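# Chain and residue survey
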Amino acid sequence: MTDHDNSRAPFAEQAAVRDVHDRITSGYYVPGSKLTLRELSASTGHDSSVLREVLDHLTTTTGLVTRVNKGWRIADPRPGYRAERARGVLSGMIARGAWPAGTVLPARLVLGRLLLTEPAHLTQALGALADEGVLRMEPKGPPTVLPAPAGSPARDPWPPGEKEVLDALPSKTLPGAAHDADSLHLVAHAVRERYKDGVCLPSEAMTMQESRQAETVHRLVIRAFTHTSGHATTHFLAVRSTAAQVMACHALPSNGPLYERLYRITVLATTLAHLADALAKPGPRHVPTCAPRAWPIHAPEGP
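Residue positions are counted from 1 within each chain, in the order its sequence is given. It should be noted that, the model being predicted, local features are given only for residues of pLDDT at least 70 and side-chain atom pairs only at 80 or more, the latter also being counted only at that level, while totals for whole chains, interfaces and linings use all residues. Side-chain numbers here rest on the full set of heavy atoms in the structure, without hydrogens or water.

### Thoughts on the environment of Asp76
Under the DSSP-based scheme used, a helix requires at least four consecutive residues in state H or I and a strand at least two consecutive residues in state E, with every element numbered from the N terminus. Locating Asp76 in the fold gives a position in the loop between strand 3 (71-74) and helix 5 (81-95). Along the chain, Asp76 and Val65 lie 11 residues apart, while their C-alpha atoms are 8.9 Å from each other. We call two residues in contact when some of their heavy atoms are within 4.5 Å. With residues up to four places along the chain from it excluded, the contact list for Asp76 reads Pro31 and Arg82. Any N or O atom pair separated by 3.5 Å or less is treated as a polar contact, with the protein-specific requirement of one donor-capable and one acceptor-capable atom, and with residues adjacent in sequence counted only for side-chain atom pairs. Polar side-chain contacts of Asp76 include one of 3.1 Å to the backbone nitrogen of Arg78. In terms of polar contacts, Asp76 uses its side chain to reach the side chain of Arg82, at 2.5 Å.

Okay, structure coming up:
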């Protein structure tokens, strides 16, 4: 916010305007999420009565906040980005051998939950991949993966070589991070709830979570490589697709706004839980549908 904009607020509110503005522009809130006076009061230390005026001020002067009924929401600065991000992850999964040519993708409801993507954005992502010749849209049902277009880079087979796996993974950190399916489902539930609430962890907590995930990603994907090496991969669809999603998701930028880091953490946590399931129960299985479970509110640290 410029000094000129700041001067429009009453002097007693200027510190609150600055604090809320800085928190929003730092990326602490997922675009489109609802702002609550309780959370802002706890995070900034300002009274609700002052914050109510601050949010109205930011709505009219900055465009960072939008007024919805009797509340406020974070404006989305890049409305087309979520579709592009989903397209990138799906494209990366296909390139890494998640679904060979001729394979039908999972149902849109499953893909939407795996990628934290709303139906409209997922439809745009699938349409873009169809325009690129990656998918064939079916009149009814999920799209089908097409052979790699002529002149495009060859897709990586699954399982890849061990060097390709290691090159795609982060360095191992924080030994002792959880690897069992139950713990990973607890973590996935906790971070999905946080993403749904739209409020990010502090940056240092994000870094700790990413370090734990690096250890878990390394162990589980190496296990997936060992699990499928030398076998007909058609018998390990869940292992292949979830491992490829882990690798594609890890390729997402690790910097940027905090909410982008939270997206990456959340999608990875969901995928790691599914990969642990697939490794525990090998065989012809469908990709899990993320059916909600009755998990406790507090999850253990990790992954």
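Next comes the rest of the description.
### Describing the nonpolar core
Judged by nonpolar contacts, the single largest core of 77 residues is most densely connected at Leu35, Trp99 and Leu275. Counting residues per element, this core draws most heavily on helix 12 (residues 258-280), which supplies 14 residues. Excluding residues within four positions of it along the chain, Trp99 makes contact with Leu90, Met93, Ile94, Leu105, Pro106, Leu111, Val145, Leu237 and Ser241. Here, nonpolar core refers to any group of buried Ala, Val, Leu, Ile, Met, Phe, Trp, Tyr and Cys residues whose side-chain atoms link them within 4.5 Å. Note on classification: 1.4 Å probe, protein chains only; a residue is buried when its accessible area is under 20% of the maximum for its type, exposed when over 50%, partly exposed between these limits.

### Comments concerning the pairing of strand 3
Two strands make a pair as long as DSSP finds a minimum of two bridges between them. Here 2 bridges tie strand 1 (residues 34-35) to strand 3, and the two strands are oriented antiparallel to one another. Looking at strand 3, one finds that Leu35 is bridged to Trp72. One ladder, built from 4 bridges, connects strand 2 (residues 65-68) with strand 3; its direction is antiparallel. In the sheet register, Thr66 faces strand 3, and the bridge partner there is Arg73. The hairpin turn running from strand 2 into strand 3, its antiparallel successor, is 2 residues long, and Asn69 in that turn takes a positive phi close to 50 degrees.

### Considerations on the sheet that holds strand 3
The strand order across the open sheet formed by 3 strands is 1-3-2, and the pairing between neighbours is antiparallel. Only two strands of the sheet have a single neighbouring strand rather than two, namely strand 1 and strand 2.

### Some thoughts on the pattern of salt bridges
Salt bridges, as used here, are contacts in which a Lys or Arg side-chain nitrogen is within 4 Å of a carboxyl oxygen on Asp or Glu. In the structure shown here, the tally under the stated rule is 12 salt bridges. Note that Glu260 is salt-bridged to Arg78, the shortest N-O span being 3.5 Å. One end of the pair, Glu260, is in helix 12; the other, Arg78, is in the loop between strand 3 and helix 5, and 182 residues separate them in sequence. With a closest N to O distance of 3.2 Å, Glu84 and Arg87 form a salt bridge. Within this pair, Glu84 and its partner Arg87 are both found in helix 5, separated by 3 residues, close to a single helical turn. Residue Arg87 is classed as buried on the basis of its relative accessible area, which comes to 16%.

### Some remarks on the side chain of His21
Looking at the element boundaries, His21 is found in helix 2 (residues 14-25). A polar contact is formed between the side chain of His21 and the side chain of Asp22, at a distance of 3.5 Å.

### Side note on the packing of aromatic side chains
In summary, the pairing rule links any two rings of Phe, Tyr or Trp, Trp by its six-membered ring, whose centres are within 6.5 Å, and it sorts them by plane angle into stacked for under 30 degrees, edge-to-face for over 60 and tilted for everything else. Per the stated rule, a full pass over the model turns up 1 aromatic pair. Lysine NZ or arginine CZ positioned within 6 Å of the ring centre and within 35 degrees of the ring normal marks a charge as sitting over the ring. Sitting over the face of the ring of Tyr28, Arg23 holds its NZ or CZ atom 4.3 Å from the ring centroid. Over the aromatic face of Tyr81 sits the side chain of Arg78, whose NZ or CZ is 4.0 Å from the ring centroid.

Any functional reading would require information beyond the geometric quantities listed.
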